[in-house]
There are 2 protein chains.
Amino acid sequence: MASVKNTQGTKTSQAVVDTAADAVEEFIRRRKKATINDVARLARVSKKTVSRVINNSPSVRNETREQVNDIIARIGFRPDPQARGLAFRRSFLFGLIYDNPNAQYIVNIQSGALDRMRGTGFELVVHPCDKESDDFLEEIREFVELQRLAGVILLPPIAENRALLAVLEDLDVPYVRVTAMHGAENDPPILSPQVVSRDRHGCMLAAEHLLALGHKRIGFVTGPAGYASARERRQGFNEGLSKQGLSIDPALEVEGAYSFESGLEAGLKLLDRPDRPTAIFASNDEMAIGVYRAAFQLGLHIPDDLSVIGFDDTPAAGRVQPPLTTVRLPIRDMGRAAAETLIDPEAERRASTIVSASLTVRDSTGPAETIFKP
Amino acid sequence: MASVKNTQGTKTSQAVVDTAADAVEEFIRRRKKATINDVARLARVSKKTVSRVINNSPSVRNETREQVNDIIARIGFRPDPQARGLAFRRSFLFGLIYDNPNAQYIVNIQSGALDRMRGTGFELVVHPCDKESDDFLEEIREFVELQRLAGVILLPPIAENRALLAVLEDLDVPYVRVTAMHGAENDPPILSPQVVSRDRHGCMLAAEHLLALGHKRIGFVTGPAGYASARERRQGFNEGLSKQGLSIDPALEVEGAYSFESGLEAGLKLLDRPDRPTAIFASNDEMAIGVYRAAFQLGLHIPDDLSVIGFDDTPAAGRVQPPLTTVRLPIRDMGRAAAETLIDPEAERRASTIVSASLTVRDSTGPAETIFKP
DNA sequence: TTGTAGGCGTTATCAG
DNA sequence: CTGATAACGCCTACAA
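Summarised in this report is the structure supplied together with it. (Residues numbered from 1 in each chain as written. Chains lettered and ligands numbered in written order. Predicted model: local features only at pLDDT ≥ 70, side-chain atom pairs only at ≥ 80, totals over all residues. Heavy atoms only, no water.)

1. Re a negative patch on the surface
Residue and element names in this part refer to chain A.
Line of reasoning, step 1. A cluster of acidic side chains, namely Asp130, Glu132, Asp134 and Asp135, defines a negative patch on the protein surface.
Line of reasoning, step 2. With respect to the helices, strands and loops of the structure, Asp130 is situated in the loop between β2 (123-128) and α7 (136-147).
Line of reasoning, step 3. Residue class for Asp130 comes out partly exposed when judged on its relative accessible area of 41%. (Patch = residues over 30% accessible without salt bridge, like charges linked within 9 Å, V, L, I, M, F, W, Y side chains within 5 Å. Areas by Shrake-Rupley, 256 points an atom, 1.4 Å probe, with all protein chains shown as cover. Salt bridge = Lys/Arg side-chain N within 4 Å of Asp/Glu carboxyl O. Lys, Arg positive; Asp, Glu negative; His and termini not counted. Charge placed at Lys NZ, Arg CZ, Asp CG, Glu CD. Helix = DSSP H or I, 4+ residues; strand = E, 2+ residues; numbered from the N terminus. Buried < 20%, exposed > 50% of the residue type's maximum accessible area, 1.4 Å probe, protein only.)

Here it is in structure tokens:
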């Protein structure tokens, strides 16, 4: 109870500082987690004033603010997120919700988002889910509601699930969708904050690359129907081909499931025939590597007998033999941008952050000429 | 204010139920998030009693308990984790802390842990960190302290960092280490809850497999010095060799960094000479695939000219050409077990959960005989 | 500009 | 076994 009373006669500024300093050091010695009350007492203000300082309220005299901040720094006070959240009716947690099998993608998004979140006081809660489950929506609703999330990051493919978006709107929680940029299509574009990648453009580059190498008979392995990315990539590739008056040959198009196995199967279907294509574009690396396997099984050599392009530029792309030419997306940057959207208060612009794709040319693509058998 | 007063004359059990039912339906109609107060009012008990029911306190009459649970179920009440956390001085969050570049590993641990956590009310907060950073420890301390974590899962290699463990002990937060089982060694084993894998045993199997195929000159690519897993794997492989009176040949041992590049480099060093080994064991898949590249560069064919074994059984292992023989660890199960350790109150047994390794034989290993050049 | 009273939703204390 | 009452640490409303 060593309450320090300020002697009337000596309440010069210096004296105040001294006695306060004692109290502060006394406090630090006990090294207990400081609360807003400690700060208030030590700074000789009400806790409401401390609260104002914490929340950057403008209505605090500068002198007072400095005084408070000084104490805060000295005793190492950090407001308790739980208490704050309780009062705010909202936590300081972002939820990362996904149903996506690509580990590298998930981890990259995560680390990008966390990168941006560092120092902001927000934390990231991961929440994989099963979009085929019966209680898919209810499960997510409960998660978001119960945790009173401060924001949600949605990854493909569920970022395109309108029913899910409706739930989030209903819950009134800020959210960002990470997805492939939406091209002109039948269904209307979704107008909520999003981080979009120029998948189409990337695939256009891929098509142009193959065209430049002289390829004409080109196989295409589509992604699963219903996936925005699959649609975009197909469209982009087609656009690229169209620059030379070509287009995706229906006879040389096979739908895959973004998996190695589906790529292998598609590859066999495309290659195990006399009029096989001289090049194949697979809508992701996973499937492209499946095509590698198909080529191997058929005794075809890449890139001499067949050129292959993938999409994603996963680490594996650089490690298979031959290293895979592929479209690269800056996934980490997308994670960063997603977090940014949730953090920045003016995210209400409801705008899109756009990131572009590029082509990483490696050794899986070569000139078409060498393939002609005289 | 439609407070339902119970008419004295009609307070039969049935009447009570009826009026209560009305109030309940009335409440449900407004579909607002229910609080403990709502439950208390509707169940005609104090909120403390509701609290007791929530927390499975034994001192509640069964009848009362059922009554309360009934209301809870009907209005869909879920206690607020933030408020609960505030009162408990402890959140319902587990932290997953790691400094590990293996995306697949991270995601598998995550999904295993989340798998076990489903329905328990706990959530998982991911926290990558940089063990080389100056404020490595302080940063983690603040994270754990501020979030008042209910538990921490530590992944290799920081799961072996004693300074970090000391911090966690000091913070008095429950934690589990996921790591390779500790063999007899110089430094004393760490005696905190852990989920350990039999890396040694797995590598013994690998050695035996190569031995059985007739290999004698076997190269070994070690993991980075200081990593428990690296040490264990080496020891296990050596033990395996010793069964045939062999041991790791110092001239055929190269240290790698668990990366593709280091594997490539090690592979070149091992293979680019006349007395090259007929088989190489790399301490993880990443490096094994680097060895693939080295072999390719030197014009060696796997498995005809060289057998290769990796460790981890990452998805890539099954996709490279030829598919890689590798030691498999049930990573997801380890994640599950880690969560289990934190969830189960009797985790104080301070015991280890042990999972075993197995050998996945694919096509990268073949008989040594074929290599002899007559 | 600052402080007081009250509340956020839950649990702990200590009576009854 | 049950219930007032006071925390938990912070914020909002309303005064001063």
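2. Notes on the sheet that holds strand β10 (residues 325-328) of chain B
Residue and element names in this part refer to chain B.
Line of reasoning, step 1. In space, the six strands of this open sheet follow the order β7-β6-β8-β9-β10-β12, with mixed pairing throughout. Each edge of the open sheet carries a strand with a single partner, namely β7 (253-255) and β12 (358-360). Strand-to-strand twist across the sheet, computed as the mean angle between neighbouring axes with direction ignored, equals 20°.
Line of reasoning, step 2. Examined bridge by bridge, strand β6 (residues 218-222) and strand β8 (residues 279-282) share four bridges and lie parallel to one another. For Ile218, the partnering residue across the bridge sits in β8 and is Ala279.
Line of reasoning, step 3. In this fold helix α10 (residues 228-242) packs onto β6, β7, β8 and β9 (307-312), with an angle of close to 165° to the strand it touches most, β6. (Pairing = 2+ DSSP bridges. Axes fitted to C-alpha atoms, helices over the stretch in contact; angles between N-to-C directions. Contact = heavy atoms within 4.5 Å.)

3. Details of the relation of the copies chain B and chain A
Line of reasoning, step 1. With an RMSD of 0.1 Å, the operation that places chain B on chain A is a rotation of 180° combined with a shift of 0.0 Å along the axis. Here the two chains are linked by the operation of a two-fold rotation axis. Relative to the rotation axis, the closest C-alpha in chain B is found at Val125 of chain B, a distance of 2.3 Å.
Line of reasoning, step 2. In this assembly, 100% of the residues forming the interface of chain B have copies in chain A that are likewise at the interface, indicating an isologous arrangement. (Least-squares fit on C-alpha atoms with pLDDT ≥ 70 in both.)

4. Here we look at the protein's contact with DNA strand C
Line of reasoning, step 1. Close to DNA strand C lie 28 residues, the nearest being Thr49, Arg52 and Thr64 of chain A together with Ile36 and Ser51 of chain B.
Line of reasoning, step 2. In DNA strand C, atoms within 4 Å of the protein come from the sugar-phosphate backbone in 62% of cases.
Line of reasoning, step 3. One of the side-chain N or O atoms of Thr49 of chain A is found 2.5 Å from a phosphate oxygen in DNA strand C.
Line of reasoning, step 4. Here Arg84 of chain B contributes a side-chain N or O atom positioned 2.7 Å from a phosphate oxygen of DNA strand C. (Near = heavy atom within 4 Å. Polar contact = N/O pair within 3.5 Å; in protein donor to acceptor, adjacent residues only side chain to side chain.)

5. Quick look at the pattern of salt bridges
Any two side chains of opposite charge can pair, so long as their charged atoms come close to each other.
Residues and elements named next belong to chain A.
Line of reasoning, step 1. Applying the stated criterion to the full structure yields 42 salt bridges over all chains.
Line of reasoning, step 2. Notably, a salt bridge pairs Glu340 with Arg116, separated by 2.4 Å at the nearest N-O pair. In this pair, Glu340 sits in helix α14 (residues 331-343) while Arg116 sits in helix α6 (residues 103-117), placing the two residues 224 residues apart along the sequence.
Line of reasoning, step 3. What makes Glu340 partly exposed here is its relative accessible area of 26%.
Line of reasoning, step 4. Where Asp170 meets Arg141, a salt bridge forms, and the shortest distance between an N and an O atom there is 3.1 Å.

6. Some remarks on the nonpolar core
Line of reasoning, step 1. Residues Phe237 of chain A together with Phe237 of chain B are the most contacted members of the largest nonpolar core, which totals 92 residues.
Line of reasoning, step 2. Ignoring anything within four residues of it in the chain, the contact list for Phe237 of chain B reads Cys203, Met204, Ala206, Ala207, Leu210, Ile218, Phe220, Ile248 and Phe281 of chain B.
Line of reasoning, step 3. If you look at the next biggest cluster of nonpolar residues, it comprises 42 residues, including Leu164 and Tyr175 of chain A together with Tyr175 and Ile190 of chain B. (Core = buried A, V, L, I, M, F, W, Y, C linked by side-chain atoms within 4.5 Å.)

7. Points about the sheet that holds strand β6 (residues 218-222) of chain A
Residue and element names in this part refer to chain A.
Line of reasoning, step 1. In space, the six strands of this open sheet follow the order β7-β6-β8-β9-β10-β12, with mixed pairing throughout. Here the strands that pair on one side only, and so sit at the sheet edges, are β7 (253-255) and β12 (358-360). The sheet shows a mean angle of 20° between the axes of neighbouring strands, taken without regard to direction.
Line of reasoning, step 2. Helix α9 (residues 199-212) contacts β6, β8 (279-282), β9 (307-312), β10 (325-328) and β12 of the sheet and is inclined by roughly 165° relative to β9.

8. Observations regarding the packing of aromatic side chains
Line of reasoning, step 1. All told, the structure shown has 14 aromatic pairs over all chains when counted by the stated rule.
Line of reasoning, step 2. Here Phe92 of chain A and Phe122 of chain A contribute two aromatic rings whose centre-to-centre distance is 5.9 Å and whose plane-to-plane angle is 40°, an arrangement assigned as tilted. With Phe92 of chain A in the loop between α5 (81-88) and β1 (93-98) and Phe122 of chain A in the loop between α6 and β2, this pair connects stretches of sequence that are 30 residues apart.
Line of reasoning, step 3. For Phe92 of chain A, a relative accessible area of 17% puts it in the buried group.
Line of reasoning, step 4. Relative to Phe237 of chain B, the ring of Phe220 of chain B has its centre 5.2 Å away and its plane inclined at 35°; by these criteria the two rings are tilted. Placement of Phe220 of chain B in strand β6 and of Phe237 of chain B in helix α10 is noted, with a sequence separation of 17 residues between them.
Line of reasoning, step 5. A relative accessible area of 0% means that Phe220 of chain B is categorised as buried. (Phe/Tyr/Trp six-rings, centres within 6.5 Å; stacked < 30°, edge-to-face > 60°.)

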